[in-house]
Amino acid sequence: MTTSTATATGIPAARPYESYVYAYPHKTAYRPLPERPVLRELWAAERKDALSLYLHIPFCEVRCGFCNLFTRIGAPEELTTRYLDALDRQAVAVRDALGDGEPVRFAAAAFGGGTPTFLTAGELERLCDIAEKRMGADLRAVPLSVETSPSTATADRLAVLADRGTTRISIGVQSFVDAEAKAAVRPQRRAEVEGALGRIRDARIPVLNIDLIYGIDGQTERTWLTSLDAALAWRPEELYLYPLYVRPLTGLHRLGAGVTGPEAEALEQAAWDEQRLRLYAVGRDHLLAHGYEQVSMRMFRRADAPRESADGPEDYACQTDGMIGLGCGARSYTSALHYSFDYAVDMREIRSIIDSFTATQDFSRAEVGRYVDEEEARRRHLLQSVLQAAGLPVADYRARFGTDPWADFPAELAEFAARGWLDEGAPEGLLRLSPLGLAHSDALGPALFSPGVRAAMAAYERK
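Participant: Would you mind going over the environment of P393 in detail, with residue names and values included?
Facilitator: Mapping P393 onto the fold places it in strand β16 (residues 392-393). Along the backbone, P393 and E428 are 35 residues apart, and their C-alpha atoms lie at a distance of 9.2 Å. Ignoring any residue separated from it by four or fewer positions in sequence, one finds P393 in contact with G429 and L430.

Below is the structure:
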């Protein structure tokens, strides 16, 4: 897909869908770290009393046409065993790096991917053991979120997750309309989806989240409402509504748009943007009318949902640091460095990275990442706060940085205000997006990227 021109501040001139900002800086701005810093030194001065723990499982039974996540199809030759062995070694090394000089406590945990429930019930037990016995996380005492899919949400797997303390299960459905699932290169049938949802409810995990996608080829307001109503029939505590993106190296990108020439592509892009904006508004209004509150552009929470829901992840937006990621697709955040392993979308490259991970014996150093200075920390805090419907309490920003966001980002915030993206009626001291601003979150977020991060992302060689 093409990208739009931008103003001097970096704000897109027209496109409402630049990119989904779920973390900053993006992994395409990461680079190999020549000095390979020692984890023990990285974490020595960090607070460790409220860490987040994320375990990444890079396996799926199929790869959807829109997916650019770090995951591979299948796991031949006992690969899951070798992967869990490596994850165990990594957990031992990371827990050692955290030290025992002060209490180490995990306040939240999540299993993502890929599809964590690609693992068997026995392998999920082992995954929980790694989190608990190696890292020291008390999974039954903290919010634990786990991702699943219709074909892998089996009764035995869900029983393990429920028994080990899972408070939230998130299932990617995307569409309840079979023809739309096929158009998104997602081989599933509605009957399979409904069966999985029934098993999840039977498992009595407190919070059910259902992911849906709008902007699929052939999707109309009527079919979009069909999917929304099918999801609402299960009274999920949370719903995520995602705009479809066609990203490089994904299945949909390889299929092509079917048009040639810049003018034809621009016309098609404009029509698609209009479709997605229209369907977003339909979905938002429909959920608000059915007793849901909007948490972000994507996330909606049932107003009467149990409080476990409020303790779960909110669009992956954590303004502070202290994330421990285990697995070859996971990130870790300290106050000065965000680090991970190599990143790829192409299946051959992903397989190579996973093979390298499973062969690794020494996990005591950071390999790939990006340093985060004070200016970037300010951007991250502003970006990930303002993209939440609740907005940014200016006092919180001032307490952390000693300055005011309007003083630090005058051009960006002035342009947001000029476009009607800021809520002029927000209480004093609260920087909050208007409904129009929330609808344009995927333009507003990238506009806050620093020139350095944008340059690094532009220079990234896709693989």
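Participant: Describe the pairing of strand β15 (residues 368-371), naming the residues involved and giving the relevant values.
Facilitator: In summary, the side chains of a regular strand alternate between the two faces of the sheet. Strand direction decides the pairing type here: strand β1 (residues 31-32) and β15, joined by two bridges, are antiparallel. Considered in β15, the bridge of R31 is made with G369. Two elements, strand β14 (residues 337-340) and β15, share four bridges in a ladder whose sense is antiparallel. Bridge pairing links H338 to R370 in β15.

Participant: Could you give an account of the packing of aromatic side chains, naming the residues involved and the relevant values?
Facilitator: According to the stated counting rule, one finds 16 aromatic pairs in the structure shown. Seen in terms of ring centroids, Y20 and Y22 are 5.4 Å apart; in terms of plane orientation they differ by 55°. Their pairing is tilted. For Y22, a relative accessible area of 28% puts it in the partly exposed group. Geometrically, the ring pair formed by F59 and F118 is tilted, given 5.8 Å between the ring centres and 35° between the ring planes. Within this pair, whereas F59 is found in strand β3 (residues 59-60), its partner F118 is found in the loop between β5 (106-113) and α3 (121-134), the two being separated by 59 residues in sequence. Judged by relative accessible area, F59 falls into the buried class, the value being 0%. An aromatic cluster is defined as three or more aromatic residues linked by ring pairs; in this entry it consists of F59, Y83, F118, F341, F357 and F363. Above the face of the W272 ring, R276 is positioned so that its terminal group lies 3.6 Å from the ring centre. The ring of Y20 carries the charged tip of R298 above its face, separated from the ring centre by 3.7 Å.

Participant: How would you sum up the nonpolar core? Please name residues and give values.
Facilitator: Grouped together as the largest cluster of nonpolar side chains are 123 residues, with contacts concentrated most on L53, L212 and I324. Of all hydrophobic cores here, the second largest spans eight residues; its members include A23, Y30, A110 and V368.

Participant: Can you tell me about the packing of helix α11 (residues 374-386) against helix α12 (residues 394-401), naming the residues and giving the values?
Facilitator: For the pair α11 and α12, interaxial distance at closest approach is 11 Å and the crossing angle is 165°. Between α11 and α12, the crossing angle belongs to the class labelled roughly antiparallel. Crossing of α11 over α12 shows right-handed handedness. Taking contact as the criterion, the partners of E374, A377, R378, H381 and L382 in α11 are, on α12, Y397, R400 and F401. Among the residues making up the contact of α11 with α12, the classes are represented as four nonpolar, one polar and three charged.

Participant: Report on the pairing of β5, specifying residues and quantitative values.
Facilitator: Counting buried positions along β5 gives six out of eight residues, so the element sits mostly inside the fold. Alignment of strand β2 (residues 51-57) against β5, held across seven bridges, turns out to be parallel. Looking at the pairing, L55 lines up with F111 of β5. Of the strand pairs in this sheet, β5 and strand β6 (residues 144-148) are connected by three bridges, and their pairing is parallel. Across the sheet, the residue bridging to A109 is L144, located in β6. Each parallel crossover has a hand, and for β5 linked through α3 to β6 it is right-handed.

Participant: How would you explain the confidence of the model for the protein chain if you had to name every residue and give the values?
Facilitator: For the protein chain, per-residue confidence averages 88 on the pLDDT scale, and residues scoring 70 or more make up 87% of the total. Within the model, pLDDT remains below 50 along residues 248-255, and this stretch shows 24 contacts once partners closer than five positions in the same chain are excluded. The low-confidence segment residues 257-261, where pLDDT is below 50, has four contacts with residues more than four positions distant or belonging to other chains.

Participant: Quick one: what's the story with the pattern of salt bridges, residue by residue and with numbers?
Facilitator: Evaluation of the coordinates by the stated rule reveals 34 salt bridges. Note that D85 is salt-bridged to R126, the shortest N-O span being 2.7 Å. Of this pair, D85 sits in helix α2 (residues 79-98) while R126 sits in helix α3; the two residues are 41 residues apart in sequence, bridging distant segments of the chain. Classification of D85 as partly exposed rests on a relative accessible area of 28%. Between R168 and E238 there is a salt bridge, and its shortest N-O distance comes to 2.7 Å. Linking R168 in strand β7 (residues 168-174) with E238 in strand β9 (residues 238-243), this pair joins segments that are 70 residues apart in sequence. Take R168 and E238: they sit in the same class, and that class is buried. In the salt-bridge network here, residues are joined through shared partners; they are E125, D129, E132, K133, R140, D163 and R164.

Scoring rules and cut-offs
- Residues numbered from 1 in each chain as written.
- Predicted model: local features only at pLDDT ≥ 70, side-chain atom pairs only at ≥ 80, totals over all residues.
- Heavy atoms only, no water.
- Helix = DSSP H or I, 4+ residues; strand = E, 2+ residues; numbered from the N terminus.
- Contact = heavy atoms within 4.5 Å.
- Pairing = 2+ DSSP bridges.
- Phe/Tyr/Trp six-rings, centres within 6.5 Å; stacked < 30°, edge-to-face > 60°.
- Buried < 20%, exposed > 50% of the residue type's maximum accessible area, 1.4 Å probe, protein only.
- Lys NZ or Arg CZ within 6 Å of the ring centre and 35° of its normal.
- Core = buried A, V, L, I, M, F, W, Y, C linked by side-chain atoms within 4.5 Å.
- Axes fitted to C-alpha atoms, helices over the stretch in contact; angles between N-to-C directions.
- Parallel < 35°, antiparallel > 145°, perpendicular 65-115°, else oblique.
- Left-handed = near helix turned anticlockwise from the far one by under 90°.
- Nonpolar A, V, L, I, M, F, W, Y, C, P; charged D, E, K, R; others polar.
- Right-handed = clockwise from strand over helix to strand, strands pointing away.
- pLDDT = per-residue confidence, 0-100.
- Salt bridge = Lys/Arg side-chain N within 4 Å of Asp/Glu carboxyl O.

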